[in-house]
Amino acid sequence: MIHFMPFTYIPAARIEPLVRALGPLSVLQPLAAMTTPAMRQAADQGGLHLRPCEGIDARRLNQATKDFAAWAELHKGHGGQLAGIFQFETARAASALEESPNLIRDRLKRGATPMPHEVPDPLLQAALFLNLAHTFDGQQDALQDDLGSVQAMEARLSHLLGESADDDSFPAVDAGSPALNDPTQDRGQQMTAQRLHAWARLALATGKRDLLYVTDSRAIWAHLMEMLPDALPLGQWPMDAPSAAALLIQDLERLAQETDPAVALPPTPPNPTRPAEQGFLTVHALVGCPAHKMFARLLKHVPEAGADPVEALPPRNTLIGYIGL
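Residues numbered from 1 in each chain as written. Predicted model: local features only at pLDDT ≥ 70, side-chain atom pairs only at ≥ 80, totals over all residues. Heavy atoms only, no water.

1. Let's talk about the environment of Ala 38
Mapped onto the secondary structure, Ala 38 falls in helix H2 (residues 37-44). Spatially, the C-alpha atoms of Ala 38 and Glu 16 are 9.9 Å apart, while their sequence positions differ by 22 residues. In contact with Ala 38, not counting residues within four places along its chain, are Ala 12 and Ile 15. (Helix = DSSP H or I, 4+ residues; strand = E, 2+ residues; numbered from the N terminus. Contact = heavy atoms within 4.5 Å.)

See the structure below:
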């Protein structure tokens with residue numbers, strides 16, 4: 001299975017192109033109640049595999065998420081930009097799950113062991129962070145839809161009033177322009193390191209190991225390259241062929257087990273007629289590094305020695321990729 005990371009929210013317009021290019025994708029989904037209708041429909045059709053995070057108290061996670069949603073609604077318009085609200089919510093999320101001095105003092109007085117709900121849970125903290133990121137991404141997506149609607153209305157009004165196309169008061173709408181798409185073009189630009197850290201903690205805990213861990217965020221990919229400098233470039237796969245997804249899986253299965261994946265497949269010849277990376281999947285390999293060790297490195301933990309504790313025969317190499325569509 002190919003795992004889409006580190007997001008739990010995928011904009012509706014991105015689901016079909018990603019699934020068409022890569023085939024079925026697994027996506028972490030800490031709280032099923034937050035799954036969007038578009039993602040749920042894609043899951044029903046087999047395009048997405050929504051992966052729950054077992055071991056997390058769903059009731060506590062749901063309540064914590066609701067509490068922060070209520071807080072955000074209460075402070076709407078008074079917390080600055082959405083990015084600022086997101087960062088402040090994140091800080092509150094971390095502190096809310098820690099024991100307060102009063103709790104510690106009361107427990108010492110009564111000489112009792114902490115109750116389960118009093119003990120900080122790193123998995124719950126990571127899941128709550130991803131839920132906040134999920135909400136933030138959805139807000140940005142909705143904001144971009146609203147911006148597109150307003151600009152389209154201005155363009156239609158300009159046409160009705162007979163304004164010239166170059167009149168600055170009614171700018172023309174270009175659906176592919178950077179100005180229109182910038183807020184949602186790279187969701188990973190916001191809280192890049194924190195997103196990867198929270199995702200890696202939950203991915204490690206799920207006990208699942210996937211064939212490829214792929215992102216469509218340049219910011220996430222750049223951060224991965226910084227944290228995993230030994231990742232070996234394997235080449236690029238074009239994503240425009242009808243059978244690209246099926247052939248890709250065959251290549252990935254082979255590369256995951258090769259002792260020297262760099263020479264296992266010939267490099268993809270460059271195509272000068274198309275922009276670099278657009279419509280291509282770039283793949284790197286962590287040679288001899290099982291997935292659980294990659295997660296540990298992203299968490300800045302000392303990797304566990306020995307074989308993968310979950311799978312008896314894990315892939316020899318962990319594959320990571322960036323897809324530009």
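Here the narrative resumes.
2. Things to note about the pattern of salt bridges
By the definition in use, this model includes 8 salt bridges. Measuring nitrogen to oxygen at the nearest pair gives 3.5 Å for the salt bridge that ties Glu 258 to Arg 254. Residue Glu 258 is classed as partly exposed on the basis of its relative accessible area, which comes to 25%. By sharing partners, the salt bridges in this structure join Arg 14, Arg 187 and Asp 216 into a single network. (Salt bridge = Lys/Arg side-chain N within 4 Å of Asp/Glu carboxyl O. Buried < 20%, exposed > 50% of the residue type's maximum accessible area, 1.4 Å probe, protein only.)

3. Section: the sheet that holds strand E6 (residues 280-286)
Read from one edge of the open sheet, 7 strands run E3-E2-E1-E4-E7-E6-E5, paired in mixed fashion. Sheet topology places strand E3 (48-51) and strand E5 (232-238) at the edges, where each strand pairs with a single neighbour. Geometrically, the sheet is characterised by an average inter-axis angle of 30° between neighbouring strands, direction not taken into account. Contacts from helix H9 (residues 218-227) reach strand E4 (212-215), E6 and strand E7 (318-324), with the element oriented near 150° to E7. (Pairing = 2+ DSSP bridges. Axes fitted to C-alpha atoms, helices over the stretch in contact; angles between N-to-C directions.)

4. Here's the deal with the packing of aromatic side chains
A complete count under the given rule lists 5 aromatic pairs for this structure. Centroid distance Phe 4 to Phe 7: 6.1 Å. Interplanar angle 40°. Geometry classified as tilted. Between Trp 199 and Tyr 213 the ring centres are 6.0 Å apart and the planes differ by 70°, which places this aromatic pair in the edge-to-face class. Highlighted residues: Trp 199 in helix H8 (residues 192-206) and Tyr 213 in strand E4, separated in sequence by 14 residues. Look at Trp 199 and you get buried, because its relative accessible area is 1%. Given the relative accessible area of 1%, Tyr 213 is considered buried. Ring-pair connections join several aromatic residues into one group, and the members of that group are Trp 199, Tyr 213 and Phe 295. Across the ring face of Phe 7, the terminal group of Arg 187 is positioned such that the distance to the ring centre comes to 4.0 Å. (Phe/Tyr/Trp six-rings, centres within 6.5 Å; stacked < 30°, edge-to-face > 60°. Lys NZ or Arg CZ within 6 Å of the ring centre and 35° of its normal.)

5. Points about the packing of H8 against H9
Between H8 and H9, whose axes approach to 10 Å, the crossing angle comes to 75°. In this view, H8 runs roughly perpendicular relative to H9, as classed from their interaxial angle. In this structure, H8 contributes Thr 192, Ala 193 and Leu 196 to the contact, and H9 contributes Ala 219, Ile 220, His 223 and Leu 224. Split into classes, the residues belonging to the contact of H8 with H9 amount to 5 nonpolar, 2 polar and no charged. (Parallel < 35°, antiparallel > 145°, perpendicular 65-115°, else oblique. Nonpolar A, V, L, I, M, F, W, Y, C, P; charged D, E, K, R; others polar.)

6. A few points about the side chain of Thr 8
With respect to the helices and strands, Thr 8 occurs in the loop between strand E1 (2-4) and helix H1 (12-22). For Thr 8, a relative accessible area of 3% puts it in the buried group. In terms of polar contacts, Thr 8 uses its side chain to reach the side chain of His 134, at 2.8 Å. The contacts of Thr 8, once residues within four sequence positions are left out, are Val 27, Leu 28, Gln 29, Pro 30, Met 39, Leu 130 and His 134. (Polar contact = N/O pair within 3.5 Å; in protein donor to acceptor, adjacent residues only side chain to side chain.)

7. Some thoughts on the nonpolar core
Proteins that are soluble and globular tend to have nonpolar side chains buried together. With 67 residues, the main nonpolar core has Leu 22, Trp 199, Leu 281, Met 294 and Leu 319 as its most contacted residues. Among the elements that make up this core, the one with the highest residue count is helix H6 (residues 122-160) (7 residues). Residue contacts for Trp 199: discarding those within four places in its chain leaves His 3, Met 5, Pro 6, Leu 28, Leu 130, Tyr 213, Met 294, Phe 295 and Leu 298. (Core = buried A, V, L, I, M, F, W, Y, C linked by side-chain atoms within 4.5 Å.)

8. Things to note about the confidence of the model for the protein
Summary statistics for the protein give a mean pLDDT of 75 and a share of 63% for residues scoring 70 or more. Mean pLDDT per element in the protein: helix H7 (residues 178-185) is the minimum at 42, and H2 is the maximum at 97. When the criterion is pLDDT under 50, residues 164-184 qualifies, and its contacts beyond four places in sequence or with other chains add up to 27 contacts. (pLDDT = per-residue confidence, 0-100.)

9. Focus: the side chain of His 284
Take His 284: it is sitting in strand E6. Judged by its relative accessible area of 10%, His 284 falls in the buried class.

10. Points about the packing of H8 against helix H11 (residues 291-298)
Running from N to C, H8 and H11 cross one another at 145°; their axes reach a closest spacing of 9 Å. For the crossing formed where H8 meets H11, the hand is left-handed. Packed against H8, whose contacting residues are His 197, Trp 199, Ala 200, Ala 203 and Leu 204, the element H11 presents His 292, Met 294, Phe 295 and Leu 298 at the interface. The residue makeup of the contact of H8 with H11, split by class, is 7 nonpolar, 2 polar and no charged. (Left-handed = near helix turned anticlockwise from the far one by under 90°.)

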